[in-house]
Amino acid sequence: GDSTIPQAGHGGFASRNLPKGTIVAQLPLIHILDRNRLNMYQFEPDFPSRAAGKRPPQILLNYCYGHADSTLLLCPYGPSVNLVNHNQTRANVKLQWADPKR
């Protein structure tokens, strides 16, 4: 549904109270081994080298998880991935790795 936050777009809203720890969605991950694959370049005669024509990375990078000391990115995909609250200060869900013992 529509968010109550101006210009926030759409979101997923619970129709009932959910106990803490409830699984909201399972999100499979695309593994990108080298984050540089998301770099973009402007190829024109005016730019003789890649470095000269470098542009901001693809927007997909905003939705991936990674670490500054690693080139690996984990990018969730699926029908509910864009509905999960990812506000850094007011998050009401968390990312949790699957328990390998289950």
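Here the structure is shown first, and the text comes after it.
Keep in mind the model is a prediction, meaning the values are calculated, not measured.

K.L.:
Now, about the overall build of the protein chain: what can you tell me, with residues and values included?
P.N.:
A tally of helices and strands in the protein chain yields 0 helices and 5 strands. Secondary structure elements in the protein chain, listed N-terminal to C-terminal, are β-β-β-β-β. Sorting the 102 residues of the protein chain into buried and exposed places 11% on the buried side. In the protein chain, of all internal contacts separated by at least 6 residues, the share reaching a separation of at least 24 is 45%.

K.L.:
Summarise the environment of K94; cite the residues concerned and give the values.
P.N.:
Examined against the element boundaries, K94 turns out to sit in the segment after β5 (73–76). Residue classification places K94 among the exposed positions, given a relative accessible area of 68%. The spatial distance from the C-alpha of K94 to the C-alpha of I23 is 9.4 Å, given a sequence separation of 71 residues.

K.L.:
Hey, could you go over a nonpolar patch on the surface for me, with residue numbers and the actual values?
P.N.:
On the surface, a cluster of nonpolar side chains totalling about 230 Å² of accessible area is made up of L18, V24 and V93. Mapped onto the elements of the fold, V93 is located in the segment after β5. Residue classification places V93 among the partly exposed positions, given a relative accessible area of 31%.

K.L.:
An account of the state of the cysteines is requested, with residue identities and associated values reported.
P.N.:
Scanning the entire structure with this criterion turns up 1 disulfide. The disulfide partner of C64 is C75, and the gap between their sulfur atoms is 2.0 Å. Judged by the sign of its S-S torsion, about 105°, the cystine formed by C64 and C75 is right-handed. Note that C64 is positioned in the loop between β3 (54–55) and β4 (65–66) and C75 in strand β5, a separation of 11 residues in sequence. By the burial criterion, C64 is buried, and C75 matches it.

K.L.:
Give me the nonpolar core: which residues, what numbers.
P.N.:
Grouped together as the largest cluster of nonpolar side chains are 5 residues: I32, L38, C64, L73 and C75. When residues no more than four places from it in sequence are discounted, the contact partners of C75 are P28, L29, I30, I32, Y63 and C64.

K.L.:
I'd like to hear about the pairing of β5, residue by residue, with values.
P.N.:
Within a regular strand, the side chains alternate between the two sheet faces. Side-chain alternation along β5 places L73 and C75 on one buried face and L74 and P76 on a second face that is also buried. Pairing of strand β1 (residues 29–32) with β5 involves 4 bridges; the strand directions are antiparallel. Within β5, the position partnered with I32 by the bridge is L73. Note that β4 and β5 share 2 bridges and pair antiparallel. Residue pairing across strands places Y65 opposite L74, the latter belonging to β5. A loop of 6 residues connects β4 with β5, the two strands running antiparallel in sequence.

K.L.:
Lay out the sheet that holds β5 in plain terms, naming residues and giving numbers.
P.N.:
Strand order in the open sheet formed by 3 strands is β1-β5-β4, and the pairing between neighbours is antiparallel. At either end of the open sheet lies a strand with only one pairing partner, and these are β1 and β4.

Conventions adopted
Residues numbered from 1 in each chain as written. Predicted model: local features only at pLDDT ≥ 70, side-chain atom pairs only at ≥ 80, totals over all residues. Heavy atoms only, no water. Helix = DSSP H or I, 4+ residues; strand = E, 2+ residues; numbered from the N terminus. Buried < 20%, exposed > 50% of the residue type's maximum accessible area, 1.4 Å probe, protein only. Contact = heavy atoms within 4.5 Å. Patch = residues over 30% accessible without salt bridge, like charges linked within 9 Å, V, L, I, M, F, W, Y side chains within 5 Å. Areas by Shrake-Rupley, 256 points an atom, 1.4 Å probe, with all protein chains shown as cover. Salt bridge = Lys/Arg side-chain N within 4 Å of Asp/Glu carboxyl O. Disulfide = S-S within 2.5 Å. Core = buried A, V, L, I, M, F, W, Y, C linked by side-chain atoms within 4.5 Å. Pairing = 2+ DSSP bridges.

Shape descriptors only; they carry no functional weight alone.
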